[in-house]
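# Analysis of the macromolecular model
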Amino acid sequence: MTQHTEGRGTPFRRRAAQAWRISRTSRTSRWLRGAAAGAAALLAVAAPSPTAYAVPEPKAPEEFVALRTVDPSIIQEMRYITPHDFVGEPIDGYRQPLCILTRPAAEALRRAQLKLLRQGYSLKVYDCYRPQRAVDHFVRWAKDLADERMKAEFYPRVDKSRLFADGYIAEKSGHSRGSTMDLTIVKLPALPTRPYHPGQRLVPCYAPKGQRFPDNSLDMGTGFDCFDTLAHTDDPRVQGAQRAHRQFLKSALEAQGFVNLPEEWWHFTYQPEPFPSTYFDFPVARRSVAGH
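Residues numbered from 1 in each chain as written. Predicted model: local features only at pLDDT ≥ 70, side-chain atom pairs only at ≥ 80, totals over all residues. Heavy atoms only, no water.

### Structural notes on empty space enclosed by the protein
According to the stated counting rule, one finds 2 cavities of 30 Å³ or more in the structure shown. Roughly 170 Å³ of internal volume is contained in the largest cavity. Residue lining of the largest cavity: 20 residues in total, with Arg-212, Phe-213, Asp-215, Gly-223 and Phe-224 positioned closest to the centre. Its residues assigned to classes, the lining of the largest cavity shows 10 nonpolar, 4 polar and 6 charged. Approximately 30 Å³ is the volume attributed to the second largest cavity. Taken together, Tyr-168, Cys-226, Phe-227, Asp-228, Ala-231, Glu-263, Glu-264 and Trp-266 make up the lining of the second largest cavity. (1 Å grid on protein atoms, 1.4 Å probe; cavity = no way out; pocket = protein on both sides within 12 Å on 5 of 7 lines; lining within 4 Å. Points joined across faces, edges and corners; volume = space filled by probe spheres on them. Nonpolar A, V, L, I, M, F, W, Y, C, P; charged D, E, K, R; others polar.)

### Topic: the pattern of salt bridges
Enumeration according to the criterion identifies 19 salt bridges in this entry. Residues Arg-79 and Glu-77 are paired through a salt bridge, measuring 2.9 Å at the closest nitrogen-oxygen approach. Of the two residues, Arg-79 and Glu-77, both sit in the buried class. For Arg-212, the salt bridge goes to Asp-219, with nearest N and O atoms at 2.7 Å. Considered together, Arg-212 and Asp-219 belong to a single accessibility category, that of buried residues. By sharing partners, the salt bridges in this structure join Glu-57, Arg-95, Arg-133 and Asp-281 into a single network. (Salt bridge = Lys/Arg side-chain N within 4 Å of Asp/Glu carboxyl O. Buried < 20%, exposed > 50% of the residue type's maximum accessible area, 1.4 Å probe, protein only.)

### Focus: the nonpolar core
Of all hydrophobic cores here, the largest spans 67 residues; its most connected members are Leu-109 and Leu-123. Of all the elements, helix H3 (residues 103-118) adds the most residues to this core, at 6 residues. Among residues more than four places away in sequence, those in contact with Leu-123 are Ile-74, Ile-75, Leu-109, Ala-112, Gln-113, Leu-116, Leu-183, Thr-184, Ile-185, Leu-249 and Leu-253. (Core = buried A, V, L, I, M, F, W, Y, C linked by side-chain atoms within 4.5 Å. Helix = DSSP H or I, 4+ residues; strand = E, 2+ residues; numbered from the N terminus. Contact = heavy atoms within 4.5 Å.)

### Quick word on the state of the cysteines
Working definition: the covalent bond between the sulfur atoms of two cysteines is a disulfide. This structure, assessed with the given rule, holds 2 disulfides. At a sulfur-sulfur separation of 2.0 Å, the disulfide partner of Cys-99 is Cys-128. In this structure, the disulfide formed by Cys-99 and Cys-128 twists by about -100° around the S-S bond and is classed as left-handed. One end of the pair, Cys-99, is in the loop between strand S2 (75-76) and strand S3 (100-102); the other, Cys-128, is in the loop between strand S4 (121-127) and helix H4 (132-143), and 29 residues separate them in sequence. The partner cysteine of Cys-205 in its disulfide is Cys-226, sulfur to sulfur 2.0 Å. Negative torsions about the S-S bond denote left-handed disulfides, and the value of about 60° found for Cys-205 with Cys-226 makes this one right-handed. A residue pair is termed long-range when its members are at least 10 positions apart, and Cys-205 in the loop between strand S5 (180-187) and helix H6 (240-254) and Cys-226 in the loop between S5 and H6 qualify at 21 residues. Across this residue pair, the class does not change: Cys-205 and Cys-226 are buried. (Disulfide = S-S within 2.5 Å.)

### Some points on the packing of aromatic side chains
Tallied over the full model, the rule gives 23 aromatic pairs. Residues Tyr-80 and Tyr-94 carry aromatic rings whose centres are separated by 5.7 Å and whose planes lie at 65° to one another, so their mutual orientation is edge-to-face. Here Tyr-80 is found in the loop between S2 and S3, whereas its partner Tyr-94 is found in the loop between S2 and S3, with 14 residues between them in sequence. Owing to a relative accessible area of 2%, Tyr-80 belongs among the buried residues under this scheme. (Phe/Tyr/Trp six-rings, centres within 6.5 Å; stacked < 30°, edge-to-face > 60°.)

The analysis is restricted to geometry; functional conclusions fall outside its scope.
And the structure:
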């Protein structure tokens, strides 16, 4: 009687079956690895790049223009892109030395400039539109009471802890609405202004003109951005030529619809403002007003 053997069979047949299983397992493993790699590649293609989620920087509305496109004769000495300001470093949001304003404000400046040019003078702007991020930079700096690197020039008689209470720093600025600018008057031909070198000896902004940081503007009694009551437009202690120069600037601009901030002889706002309650945050850069 023939015995039927159950189980794995003969040694030859067992070896063949084992080899077949190994081969099948290897092919399955390779297929799974290939499928996983293919899925990963598809996911990599489908997934957005890290920059895809980056929020594009805001641009200015069409009502904003670069002042140079309206009147290139107005001198521009944009202070906040330099370290010569009350903070002592370039301010956030200022990418290029550029005056940006709403078109009505820029055109009103052009009208004032035309009249001044006929008398041998020119306007010079220090600051125009100011992004909200720059104002935020001022606020952070004002809260850091240990940072007084520019105190000797810009606020020698004011305790830094009083900057908010005394109104020198605020969390919002009319500059961010686009129709406010800081400016002065220069006698033509305009002499170049010596560059500021960080670390140089600082002189109070209310010192006599021949002693404080040189500026090619008319003598207004204080320098620009002077945190002091002497900078009030009608401060009675400012007399003679200095007072006359302030009134010259004020009358030239008031005739074109500008209103002066009494606490700062250099600060003017065009009225009516196109954006009286909107505070913009696009950077001060040519691309912000490209094509306007």
